[in-house]
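Tertiary structure, described
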Amino acid sequence: MAKHKNGKKLDYFEAFEKQAELAIAEAKLLVEVIENYKGPDSLDDYIERAHEIEHAGDKLVHSVFDAVTVDFVTPIDREDIISLTQRLDDVLDYMEGTVQRFYMLDVKEMHPKAGEFAELLLKSCEKLGKALEDFDEFKNSKKINKLIIDVGSVEEEADELFFHTLRELYSHGEENPLYVFVWDKLFQRLENTADACEQAADTMGTIITKNC
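Conventions adopted
- Residues numbered from 1 in each chain as written.
- Predicted model: local features only at pLDDT ≥ 70, side-chain atom pairs only at ≥ 80, totals over all residues.
- Heavy atoms only, no water.
- UniProt positions renumbered as here; feature names shortened; annotations may be inferred.
- Salt bridge = Lys/Arg side-chain N within 4 Å of Asp/Glu carboxyl O.
- Helix = DSSP H or I, 4+ residues; strand = E, 2+ residues; numbered from the N terminus.
- Buried < 20%, exposed > 50% of the residue type's maximum accessible area, 1.4 Å probe, protein only.
- Phe/Tyr/Trp six-rings, centres within 6.5 Å; stacked < 30°, edge-to-face > 60°.

In the annotation of an unreviewed UniProt entry, the protein chain is listed under the name DUF47 domain-containing protein and assigned to Slackia isoflavoniconvertens. The Sequence similarities (unreviewed entry) field of the UniProt record for the protein chain holds the comment "Belongs to the UPF0111 family."

1. Quick word on the pattern of salt bridges
As enumerated under the stated definition, the model contains 13 salt bridges in all. For K9, the salt bridge goes to D71, with nearest N and O atoms at 3.3 Å. With K9 in the segment before helix 1 (12-35) and D71 in the loop between helix 2 (44-70) and helix 3 (78-104), this residue pair connects regions lying 62 residues apart in the sequence. On the basis of relative accessible area, K9 is assigned to the partly exposed category, the value being 34%. The shortest N-O distance in the salt bridge between K127 and D150 comes to 3.5 Å. Separated by 23 residues along the polypeptide, K127 in helix 4 (residues 114-133) and D150 in helix 5 (residues 143-171) bring together distant segments of the chain. One network of salt bridges, in which partners are shared, links E32, D45 and R49.

2. Regarding unusual backbone geometry
Residue D106 is not a glycine yet carries a positive backbone phi of 55°. Checked against the element boundaries, D106 lands in the loop between helix 3 and helix 4. Under the relative-accessibility criterion, D106 is labelled partly exposed at 38%.

3. Re the packing of aromatic side chains
Inspection of every chain in the model, using the stated rule, returns eight aromatic pairs. Between F13 and F16, the ring centres sit 6.0 Å apart and the planes meet at 85°, which makes this aromatic pair edge-to-face. Pair noted here: F13 and F16 are both in helix 1, with a separation of three residues, about one helical turn. Judged by its relative accessible area of 0%, F16 falls in the buried class. Relative to F135, the ring of F13 lies with its centre 5.7 Å away and its plane at 70°, an arrangement referred to as edge-to-face. Residue F13 is located in helix 1, and its partner F135 is located in the loop between helix 4 and helix 5; the two are separated by 122 residues in the primary sequence. You'll find F13 and F135 in the same group, each marked buried. Put simply, the rings of Y37, F102, F117, W183 and F187 touch in pairs and so form one group of aromatic residues.

Put into structure tokens, the structure is as follows:
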């Protein structure tokens, strides 16, 4: 059996919940970065903090993969454990990558819609976190399905915001094509993060359907 350093067998549901907690922390950091943005040269501390959160997530992923390889019995199918772990890790990776890209793409000023995106991502991560709190009792929990649907609703909000923001970006950016190029990449990244949240929620829904 795969064990933690304290000798206890890995609790997969606890690992999922910890991944969600890290995603919430990363989303809060992204909101903070956007709200307090003073240019790429002010990002060193934020980039380090974002990487620390993402690194903690990687350690969790490795512990899950190590455990699922050797555990004789798992609470749900191995492929479902792996899939949900990967989907939750994608959420973290996309948000860390966004913070890094503010620096790499030399963003001078924050786009006014970026904060709205970040708030939606935080909302989505919080819904995921709430759903995962009781995921080990998914056969008896009535609120998980609603929270999964809520994540999908937030993703629809993000889709609509993305649709109108990109339209505005291209219809008013002919004088600054570099600005359009940079923010197209960044908004695509934020949209991908919202999609990753929905994919994690959908994976949870699939697991529930298979096991109920």
